[in-house]
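Remarks on the overall topology
These are the residues of each chain, in order.
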Amino acid sequence: MAAGIVASRRLRDLLTRRLTGSNYAGLSISLRLTGSSAQEEASGVALGEAPDHSYESLRVTSAQKHVLHVQLNRPNKRNAMNKVFWREMVECFNKISRDADCRAVVISGAGKMFTAGIDLMDMASDILQPKGDDVARISWYLRDIITRYQETFNVIEKCPKPVIAAVHGGCIGGGVDLVTACDIRYCAQDAFFQVKEVDVGLAADVGTLQRLPRVIGNQSLVNELAFTARKMMADEALGSGLVSRVFPDKEVTLDAALALAAEISSKSPVAVQSTKVNLLYSRDHSVAESLNYVASWNMSMLQTQDLVKSVQATTENKELKTVTFSKL
């Protein structure tokens with residue numbers, strides 16, 4: 001044990017000298033090259049069906065080691081969200097949250113668009129003919145449905161693995177609820193986003209009105225989009241901060257999202273998942289509360305061997321993808 005402590009101290013001292021000395025520029029270049037290599041490796045990976053993920057409305061594939069690709073898979077229905085979808089997304093992301101091999105997730109849509117939103121024909125019986133003998137019982141029934149549907153996208157946000165949305169074509173209604181629950185959003189030049197609910201006579205109730213203001217930080221623009229149901233095109237989405245990058249077409253967008261997932265998956269899973277947990281906590285709490293939370297969090301997480309392995313790789317100018325991190 002004493003030898004291990006000495007080795008850790010040597011690594012710490014070496015890292016300190018590297019960061020404060022003239023080698024900092026070389027270290028930065030090394031880290032950038034690590035990311036580039038991960039992206040190059042991801043772009044040519046063949047997809048394979050992921051075990052334990054069999055669904056009607058979704059297709060889940062292993063894009064590469066540690067990366068899952070979740071595809072909305074009702075292309076003939078423009079990936080409209082039917083009753084099966086609302087249930088299967090919860091099942092899918094609960095499994096992903098527990099999957100020790102998965103470190104990053106990409107969500108995309110099959111066919112010509114990301115999603116047309118809620119499948120009104122399939123959902124009409126629940127919404128227009130709710131069960132119950134009186135107003136109170138009907139209301140309780142509807143509340144139960146709404147809270148269950150909210151969980152469909154809550155599970156994405158609560159999943160400790162970073163989730164990247166790759167959007168092409170229309171992202172309408174429930175699609176905006178979905179992507180605002182994701183951690184990172186990329187889109188193709190043909191993408192558009194539409195808070196469609198007012199056009200069908202209701203207020204969005206599964207996440208858009210709660211998350212979109214925090215995502216883009218412009219309440220006036222959120223109000224405009226929600227009150228009018230107008231389309232926000234790709235360039236406006238980029239300018240507003242809804243997406244972080246725009247690409248020429250669907251294929252390039254998906255390749256970029258998978259490359260990003262590959263780069264993320266090359267990092268320590270303890271570090272990445274801890275970062276997501278603390279980013280979400282900080283979003284909803286004060287700076288003081290968030291600092292206290294991360295101090296309590298890291299008093300245990302800083303004891304991980306991932307820290308020693310990462311520092312050692314950095315000081316030896318090795319790519320992180322060559323490091324073997326334990327499952328989390």
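Check the entry above for the structure.
Below is a summary of the structure that appears in this document. (Residues numbered from 1 in each chain as written. Predicted model: local features only at pLDDT ≥ 70, side-chain atom pairs only at ≥ 80, totals over all residues. Heavy atoms only, no water.)

**Some words on the pattern of salt bridges**
- Taken as a whole, this structure holds 17 salt bridges when the rule is applied.
- The closest approach of N and O atoms between lysine 158 and glutamate 151, which form a salt bridge, is 2.8 Å.
- A network of salt bridges, in which partner residues are shared, links Glu157, Arg211, Arg214, Arg283 and Asp284. (Salt bridge = Lys/Arg side-chain N within 4 Å of Asp/Glu carboxyl O.)

**So, unusual backbone geometry**
- If you check the backbone angles, histidine 66 has positive phi at about 75° while not being a glycine.
- Position of histidine 66 relative to the elements: it lies in the loop between β2 (58–64) and β3 (67–72).
- By relative accessible area, which is 18% here, histidine 66 ends up buried.
- A positive phi angle, close to 65°, is found at alanine 229, a residue other than glycine.
- Considering the arrangement of structural elements, one finds alanine 229 in the loop between α8 (219–228) and β9 (231–233).
- Residue classification places alanine 229 among the buried residues on the basis of a relative accessible area of 3%. (Helix = DSSP H or I, 4+ residues; strand = E, 2+ residues; numbered from the N terminus. Buried < 20%, exposed > 50% of the residue type's maximum accessible area, 1.4 Å probe, protein only.)

**Here we look at the nonpolar core**
- By size, the foremost hydrophobic cluster in this structure holds 52 residues, and its most contacted members are Phe93, Ile156, Leu178 and Phe193.
- Top contributing element to this core by residue count: helix α3 (residues 83–98), with seven residues.
- Counting 16 residues, the second largest nonpolar core, distinct from the first, contains Ala104, Ala257, Leu260 and Ala261. (Core = buried A, V, L, I, M, F, W, Y, C linked by side-chain atoms within 4.5 Å.)

**Here we look at helix α5 (residues 135–158)**
- In a regular helix each residue adds 1.5 Å, so 24 residues correspond to 34 Å; α5 covers 33 Å between its end C-alpha atoms and thus fits that length.
- The sharpest bend along α5 reaches about 35° and sits at threonine 152. (Expected span 1.5 Å × (residues − 1). Bend = angle between axes of the 7 residues up to and from the residue.)

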